Amino acid sequence: VDTSDEYAAQLECPLGINGNSLLVATVDLQAAIEKLYDNIPTARELTLSVLAYVSIVDEQVTLVKGDDFVMTITPKAPPASLPEEMYMIGSLYEWKWELAAKMIPVHSHEGMFWGIYYFDAGAEIKFNQVAYWDGGTDFGAATNDPHGYGEYEAGGNNIKIENAGFYQVVIVGTLPEDKSKVNYKYILSEPKPYVIGDASPTGTWDIEEANAFTFNGEVYISSALKEGNLRMCVKLDGCEWWQTEFN
């Protein structure tokens, strides 16, 4: 098995014979293909040749090489896994990965990330689990329609922001039963941070509306604080305050 006609980097793959048929174990062929191409599930056209040791007279053995033939093979993809990191790139970062925003992982919720960002009207963004274009895992919108607040399924288009303002952005990645790929959705909503703790207006360690920041058009401002311990967080469905806390 090789990627070229010259067999410069040939790999051997054992064969069996059953009548007029040549048999090759899937696991052996998969291993050979992965050495040549890694395990990226893309169809590959390979040049193959069969070498056989043939017994002739007086127990003499000679090596016979058959004609080359071409086979198209698609390597089996490895099981997908949820990302440990998530980055946001876009027009506000000049589409440069070195400027991209690293999102905040949600504690105890694998594949879930959040952040609060300001977007100009018409800004465009995309996401990826690594800070570079890797040709496979970046994602954006399923449509070209401008986006306001809402929950959206991911696709391959740039996400276009309809109106200027602050947005709370949440990424949720999930795995199907066969773990063939990561399915993403993203949620754009109005930010509403909260203060938590003894120093909060209510003095409690729960998310309460009385402890929410207010937006004055430029910055977010908390209500008057008391003496004591203080934390801050955002409210996400299915999450406790300590899973999204920040200081």
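Just above sits the structure.
Conventions adopted
- Residues numbered from 1 in each chain as written.
- Predicted model: local features only at pLDDT ≥ 70, side-chain atom pairs only at ≥ 80, totals over all residues.
- Heavy atoms only, no water.
- Phe/Tyr/Trp six-rings, centres within 6.5 Å; stacked < 30°, edge-to-face > 60°.
- Helix = DSSP H or I, 4+ residues; strand = E, 2+ residues; numbered from the N terminus.
- Buried < 20%, exposed > 50% of the residue type's maximum accessible area, 1.4 Å probe, protein only.
- Contact = heavy atoms within 4.5 Å.
- Salt bridge = Lys/Arg side-chain N within 4 Å of Asp/Glu carboxyl O.
- Core = buried A, V, L, I, M, F, W, Y, C linked by side-chain atoms within 4.5 Å.
- Pairing = 2+ DSSP bridges.
- Polar contact = N/O pair within 3.5 Å; in protein donor to acceptor, adjacent residues only side chain to side chain.
- Patch = residues over 30% accessible without salt bridge, like charges linked within 9 Å, V, L, I, M, F, W, Y side chains within 5 Å.
- Areas by Shrake-Rupley, 256 points an atom, 1.4 Å probe, with all protein chains shown as cover.

## Structural notes on the packing of aromatic side chains
Here comes step 1: Evaluation of the coordinates by the stated rule reveals 15 aromatic pairs.
Here comes step 2: Between Phe127 and Tyr186, the ring centres sit 6.5 Å apart and the planes meet at 40°, which makes this aromatic pair tilted. Taken together, the residues Phe127 in strand β11 (residues 124–128) and Tyr186 in strand β16 (residues 183–189) connect sequence positions 59 residues apart. Residue Phe127 shares its accessibility class with Tyr186, and that shared class is buried.
Here comes step 3: Each ring, one from Trp205 and one from Trp241, has its centre 5.6 Å from the other, and the planes form 40°; the classification is tilted. Within this pair, whereas Trp205 is found in the loop between β17 (194–196) and β18 (214–215), its partner Trp241 is found in the segment after β20 (231–233), the two being separated by 36 residues in sequence.
Here comes step 4: Classification of Trp205 as partly exposed rests on a relative accessible area of 33%.
Here comes step 5: Classification of Trp241 as buried rests on a relative accessible area of 15%.

## Comments concerning the environment of Lys235
Here comes step 1: Mapping Lys235 onto the fold places it in the segment after β20.
Here comes step 2: Setting aside its immediate chain neighbours within four residues, Lys235 contacts Gln168, Tyr194 and Ile207.

## Regarding the pattern of salt bridges
Here comes step 1: Here the structure, examined in full by the defined rule, presents six salt bridges.
Here comes step 2: Between Glu85 and Lys102 there is a salt bridge whose closest N-O contact spans 3.1 Å. Highlighted residues: Glu85 in the loop between β6 (69–73) and β7 (87–90) and Lys102 in strand β8 (residues 101–102), separated in sequence by 17 residues.
Here comes step 3: Taking the relative accessible area as the measure of exposure, Glu85 reaches 32% and is therefore partly exposed.
Here comes step 4: Close ionic contact of Asp138 with Lys126 constitutes a salt bridge, the shortest N to O distance being 3.2 Å. Residue Asp138 is located in the loop between β11 and β12 (140–141), and its partner Lys126 is located in strand β11; the two are separated by 12 residues in the primary sequence.

## Considering the nonpolar core
Across soluble globular proteins, nonpolar side chains have a tendency to be buried as a group.
Here comes step 1: Core analysis: the largest hydrophobic core is formed by 24 residues, its most contacted members being Phe119, Phe127 and Ile171.
Here comes step 2: Breaking this core down by element, the ones donating at least two residues are β10 (112–119), β11, β15 (165–174) and β16.
Here comes step 3: In this structure, Val106, Met112, Trp114 and Val234 belong to the second largest nonpolar core, which totals eight residues.

## Details of the sheet that holds β12
Here comes step 1: Strand order across the open sheet formed by six strands is β9-β10-β15-β16-β13-β12, with antiparallel pairing between neighbours. Of all the strands in the sheet, just β9 (104–105) and β12 have a single pairing partner and so form its edges.

## Regarding the side chain of His147
Here comes step 1: Relative to the assigned elements, His147 resides in the loop between β12 and β13 (150–155).
Here comes step 2: Polar side-chain contacts of His147 include one of 2.7 Å to the side chain of Tyr186.
Here comes step 3: Excluding its chain neighbours within four sequence positions, the residues that come into contact with His147 are Ala141, Tyr152, Ile159, Lys160, Ile161, Glu162, Tyr167, Tyr186 and Leu188.

## As for the sheet that holds β11
Here comes step 1: If you trace the four strands from one edge of the open sheet to the other, you get β8-β7-β11-β14, paired in antiparallel fashion. The sheet is open, and its two borders are formed by β8 and β14 (159–160), each paired with just one other strand.
Here comes step 2: In this sheet, β14 lies alongside β11 in antiparallel orientation, the contact comprising two bridges. In the sheet register, Glu124 faces β14, and the bridge partner there is Lys160.

## Describing a nonpolar patch on the surface
Here comes step 1: A cluster of nonpolar side chains, namely Leu51, Tyr53, Val61 and Leu63, defines an oily patch on the protein surface of about 460 Å² accessible area.
Here comes step 2: Among the elements of the structure, β4 (51–55) and β5 (61–65) are those that each provide at least two residues to the nonpolar patch.
Here comes step 3: Relative to the helices and strands, Val61 resides in strand β5.
Here comes step 4: A relative accessible area of 52% places Val61 in the exposed class.

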